[in-house]
Amino acid sequence: MFLLTAVPGFLVLLMLFGLLQKSRAILALKSFSGLLFGSSWHPLKGEFGFFPFLMGTLWVTLAAMVLAVPISLLTAVYLSEYAPKFIREFTKPVIDLLAGIPSVVYGVWGVLMIVPFVGKVLAPLFGVYSSGYSVLSGGIVLAIMVFPTIIHVALEVFSSVSHELRETSLSLGATKWETVKHVVLRKGLQGIIAAVVLGLSRAFGETMAVLMVVGNVAKIPKSVFDPAYPLPALIANNYGEMMSVPLYDSALMLTALVLLLVVLVFNLGARFVLMKAERRAE
Amino acid sequence: MDFPTHLRIQNLSVSYGDHLALKDVSLDVPDKKITVIIGPSGCGKTTLLKSLNRLLDSVDGVKIRGNIFVDDEDIYDPRVEVTHIRKKMGLLSQKPQVLPMSVFDNIAYGPKIHGTSDRKKLSRIVERELRAAGLWDEVKDRLHEPASQLSVGQQQRLCLARGLAVEPEIILGDEPTSALDPQSSRIVEQRLIELKSDYTVIVVTHILRQGRRIADYLAFLYLGELVEHGPAEEVFAHPKDPRTRAYLTGEIS
Amino acid sequence: MMTLNKRKTEERIFKLLMLASTVIVTGSLLVIIGTIVVKSLPALRLSMLTQTPKGGYYLGKEGGILNAIIGSLYLASGATLLAVLLSLPIVLYLNLYPKKASALATFTRFSLDVLWGIPSIVYGAFGFIVMMALGLRASLLAGIFIVGLLELPIMARAMDEVIRLIPQALIDASYSLGATKLETALKVIVKQSLPGILTAVLIAFGRGIGDAASVIFTAGFTDSIPTSLLQPAATLPLAIFYQLGSPLPEVQQRAYASAAILTLIILAISLISRVLIKKFTRHTIR
């Protein structure tokens, strides 16, 4: 048992090490900033500019968060503070189910419903042309995937705020909403930020669903109706060719390493904040 | 009874699901006096208190029957604005509940919610109430620090000041000193005694000696029933009900 | 300066927004499942479930996705088994040894947290590196290995949450009756938290069977049902993905049907876990 317990730690280190090793090849030949800010991606010519993909990831993730955060928090507040018991009991399994739907299924649904919606309904509304395969489609699908993460953590945070504190605010003559605004949200602020960061981390690394609806065009998007090419999609789409073009495999492994590090930082930061908030509440 | 009354409880019964917590309680609370509701734990004291400022509203499955009149207004009348009722009563909880803000903001919270936004006016209110609670000298240089940094005794006095800031008519105390050290307890009791000249005070406690110290009027609650009530001296000296006698002599607790 | 009316109006507006948000969230589930089911109906035939792709399947000819269904079941089962063999000892160790704040325990929990957050595509890329290093080709075994590692943090965290709840008093009672650590582990802890452990296993299984990004590198794809661990294996998520990519509407419809089948499997797992919890909770001590 003792040895097995060392496995998780060992695994993390192995992953970091392995990806780093494979990334060395390309890092040796190109400067990191050149890779980061280069806009030209032509592996056959030996050009590996990651900038369009970074921008793609940023746009899609941001779009998803802009949609997901308000909706998730409003839902969590409703479930925690206002909803009658039977609605809470009904919604919790629904949210769990949403969390369990595989990425590919979200992708299929995105192609079926969201892509045509964006391309044929929303884009013309704004006077823009879009094939539907766009940042916005990716953002919408991703937002729904992120709902359960944020809601779940937010609910935990709200339940850690003692009901006596709420009673105190109410007994001063505040309305329920004022109590939520000034007391519950304030007390749980750290936890809510952590919930959002965890959602962000999930959105960042999500691969299949986004890949299927986002267009996969290696250009910097200029609007949410443009297609994009996020980092995870880059890896997933090109694993087939990567062995046949020099440095391609190293470039993709570097991408994976970057993803790993970003997600690591977000995740750890959020957990750390949550731990601190929990300890304070005790 | 000769005391003018401000708060009248008539045939109040409260049940949580199947459990009957308060059985047909009727009590006229005398104005500008300290009424102590005493009884062993679990007898319904807190339920009674919480029904007075309608905090029971948010409990699942609670059923309330009977009437409570404040200034001849039935507070459970559906046309009544609940925040208005609650403003009339200041609640002091057992464990000091400081809001997650600075000392100043804690006290200004109530007035701000009810419409006061002028900074100078708020400062005056904050100072006035902190003095009334006997806390001004200790915190006047720390007004904008988080209230959570105060000691427990100071926090409780802060809660008192905060409750006074909304200009209530009635002060409700739910075992207000049981979480405090003896010295802070004495200070809070002292404040309550001084406040009764302007406010009607209702304190719930299970500490007999506290009742003896501060009560003008005493009500004994046992297993949800209002067994006996009357001027404190009378009840302590000549309890009429055998249960009251048993409680006062320490046989039942 | 807020009058009472303004305060109430603000509350009413936000209540509306909150309700709308909740409807959006719950509605999404209904819309997603509904759309998939409706769109899959034309192509949902028994042959989808019972046949493997015949020649020309991806061009619209006959066959089904039995290869992917069996492949996924093999892979997810193997992966889940691997994850259980790792998670259970680790979590028991973390909870049995009283030095709960020991360096190893903290580091392990921390690592599990890290692993939990790593995207599955990174697991896939890592798996690829390992395969290259060991000279393995895309196969069922490689898929089992990587998905097993993917499931490990999910399962371990769920198990840990349940086992942590067991009061120390219960464990001490077992020791004082003379049981060894191992006996205590198996007879008391596992028995007491069995429903939670089973749920953890099922949750992880559901995750494993639905993931595409990790198997894209490691398990390969094939039209036949694997007969050995060293053969590549088709998986449902990838089958869905590839069929969707076809220009032919008949094949795309099969993608929807495959998606419906996968979703059904996941829903069934969710249902089973809820039923199991209710059934097994009879034996636990409250």
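These numbers were taken from a predicted model, which means no experiment stands behind them.

> Kindly report on the overall build of chain C, identifying the contributing residues and their values.
Secondary structure summary: chain C contains 12 helices and zero strands in total. Listing every helix and strand of chain C by position from the N terminus yields α-α-α-α-α-α-α-α-α-α-α-α. For chain C, the spread of C-alpha atoms along the three principal axes comes to 70 × 70 × 40 Å. Within chain C, the proportion of its 286 residues that are buried is 47%.

> Break down the overall build of chain B for me, with residues and values.
Across its full length, chain B carries 10 helices and 10 strands. Counting only C-alpha atoms and orienting by the principal axes, one finds that chain B spans roughly 55 × 45 × 35 Å. When contacts within chain B are restricted to residue pairs at least 6 apart in sequence, long-range pairs at least 24 apart make up 69% of them.

> Could you give an account of unusual backbone geometry, with specific residues and numbers?
For Asn216(A), which is not glycine, the phi dihedral falls at a positive 55°. Looking at the secondary structure, you find Asn216(A) in the loop between helix H11 (208-213) and helix H12 (231-238). Take Asn216(A): there are 18 C-beta atoms within 10 Å of it, and that puts it in the partly exposed class. One non-glycine residue, Asp72(B), lies in positive phi territory at about 65°.

> If you had to explain the packing of helix H4 (residues 103-117) of chain C against helix H6 (residues 140-163) of chain C to someone new, which residues and values would you point to?
All names here are of chain C. Where H4 meets H6, the axes come as close as 8 Å, and the angle between the chain directions of the two elements is 125°. If you check the angle between H4 and H6, you find them oblique. As for the relative orientation of H4 and H6, their crossing is left-handed in sense. Along its contact with H4, which presents Leu 112, Leu 115 and Trp 116, the element H6 presents Leu 152, Pro 153, Ile 154, Ala 156 and Arg 157. Partitioning the contact of H4 with H6 into residue classes produces seven nonpolar, no polar and one charged.

> Explain the interface of chain C and chain A to me, and be specific about the residues and the numbers.
Across the contact, 62 residues belong to chain C and 61 residues belong to chain A. Going through the elements one at a time, helix H1 (4-40), helix H3 (66-96), H4, helix H5 (120-134), helix H9 (194-210), helix H10 (215-218), helix H11 (236-244) and helix H12 (249-280) of chain C are the ones with two or more residues in the side of chain C that touches chain A. Sorting elements by how many residues they give to the side of chain C that touches chain A places H1(C) first, with 20 residues. Looking at the side of chain C that touches chain A residue by residue, the class counts come to 41 nonpolar, 13 polar and eight charged.

> For the sheet that holds strand E8 (residues 200-205) of chain B, give the residues involved together with the corresponding values.
Residues and elements named next belong to chain B. Taken together, six strands build an open sheet; the order of strands is E6-E7-E8-E3-E9-E10 and the sheet is mixed. This sheet does not close on itself; its edge strands, each paired only once, are strand E6 (89-92) and strand E10 (225-231). Neighbour-to-neighbour, the strand axes of this sheet turn through a mean angle of 15°, independent of strand direction. As judged from the four bridges shared by E6 and strand E7 (residues 170-174), these two strands associate in the parallel manner. Looking across to E7, one finds that Gly 90 is bridged to Ile 171. Across the sheet, helix H6 (residues 152-164) lies against E6 and E7, angled at about 170° from E6, the strand it touches most. Docked against the sheet, helix H7 (residues 182-195) engages strand E3 (34-38), E7 and E8, running at close to 150° with respect to E8.

> Tell me about the sheet that holds strand E2 (residues 19-30) of chain B, residues and numbers included.
Residues and elements named next belong to chain B. What the four strands build is an open sheet, ordered E2-E1-E4-E5; its pairing is antiparallel. With one partner strand each, in any of the chains shown, E2 and strand E5 (73-74) form the two edges of the open sheet. The sheet contact formed by strand E4 (residues 62-70) and E5 spans two bridges and is antiparallel. Bridge pairing links Val 70 to Glu 73 in E5. Contacting strand E1 (5-16), E2 and E4, helix H1 (residues 45-52) runs over the sheet at an angle of about 60° to E2.

> Got a sec to walk through helix H8 (residues 163-171) of chain A? Specific residues and values, please.
Each turn of an α-helix holds 3.6 residues, which means side chains three or four residues apart point in the same direction. Taken together, the buried positions of H8(A) are Arg166(A), Thr168(A), Ser169(A), Leu170(A) and Ser171(A). Two residues or fewer after H8(A) comes Gly173(A), characterised by a positive phi angle close to 100°.

> Which residues make up the confidence of the model for chain C, and what are the values?
Here chain C shows a mean pLDDT of 86. Residues at 70 or above account for 94%. The ipTM assigned to the predicted complex is 0.90, against a pTM of 0.89.

> Can you explain the pairing of strand E9 (residues 217-222) of chain B? Please cite residues and give values.
Side chains on a regular strand alternate between the two faces of the sheet. Residues and elements named next belong to chain B. E9 sits mainly inside the fold: five of its six residues count as buried. Strand direction decides the pairing type here: E9 and E10, joined by six bridges, are antiparallel. The residue bridging Phe 220 from the neighbouring strand is Glu 228, located in E10. In this structure, the hairpin formed by E9 and E10 is closed by a connection of two residues, where Leu 223 is found at a positive phi of approximately 50°.

> Please provide a residue-by-residue account of the packing of H3(C) against H9(C), values included.
Residues and elements named next belong to chain C. It is the contact of H3 with H9, at a shortest axis distance of 9 Å, that shows an interaxial angle of 135°. Judged by the inter-axis angle, H3 sits oblique to H9. Taken as a pair, H3 and H9 cross one another with a handedness that is right-handed. On H9, the residues that touch Ser 72, Ala 76, Ala 79, Thr 80, Ala 83 and Val 84 of H3 are Val 201, Ala 204, Phe 205, Gly 208 and Ile 209. Its residues assigned to classes, the contact of H3 with H9 comprises eight nonpolar, three polar and no charged.

> Would you mind going over the pairing of E7(B) in detail, with residue names and values included?
All names here are of chain B. Burial runs high along E7: five of the five residues are buried. Side-chain alternation along E7 places Ile 170, Leu 172 and Asp 174 on one buried face and Ile 171 and Gly 173 on a second face that is also buried. Relative to E8, E7 runs parallel, the two being bridged by five bridges. Residue pairing in the sheet places Ile 170 in a bridge with Thr 200 of E8. For the segment spanning E7, H7 and E8, crossover handedness is right-handed.

> Break down the environment of Lys32(B) for me, citing the residues and quoting the values.
If you trace the backbone, Lys32(B) turns up in the loop between E2 and E3. Considered as a pair, Lys32(B) and Leu49(B) are 17 residues apart in the sequence and their alpha carbons are 17 Å apart.

> If you had to explain the environment of Ser178(B) to someone new, which residues and values would you point to?
Mapped onto the elements of the fold, Ser178(B) is located in the loop between E7 and H7. The residues contacting Ser178(B), other than those within four sequence positions of it, are Gln94(B) and Ile207(B).

> An account of the environment of Leu165(A) is needed here, citing residue identities and associated values.
Mapping Leu165(A) onto the fold places it in helix H8. In this structure, the C-alpha to C-alpha distance between Leu165(A) and Leu97(A), residues 68 residues apart in sequence, is 33 Å.

Cut-offs and rules
- Residues numbered from 1 in each chain as written.
- Chains lettered and ligands numbered in written order.
- Predicted model: local features only at pLDDT ≥ 70, side-chain atom pairs only at ≥ 80, totals over all residues.
- Helix = DSSP H or I, 4+ residues; strand = E, 2+ residues; numbered from the N terminus.
- Buried ≥ 20, exposed ≤ 12 C-beta atoms within 10 Å, placed from the backbone.
- Contact = placed C-beta atoms within 7 Å.
- Axes fitted to C-alpha atoms, helices over the stretch in contact; angles between N-to-C directions.
- Parallel < 35°, antiparallel > 145°, perpendicular 65-115°, else oblique.
- Left-handed = near helix turned anticlockwise from the far one by under 90°.
- Nonpolar A, V, L, I, M, F, W, Y, C, P; charged D, E, K, R; others polar.
- Pairing = 2+ DSSP bridges.
- pLDDT = per-residue confidence, 0-100.
- Right-handed = clockwise from strand over helix to strand, strands pointing away.

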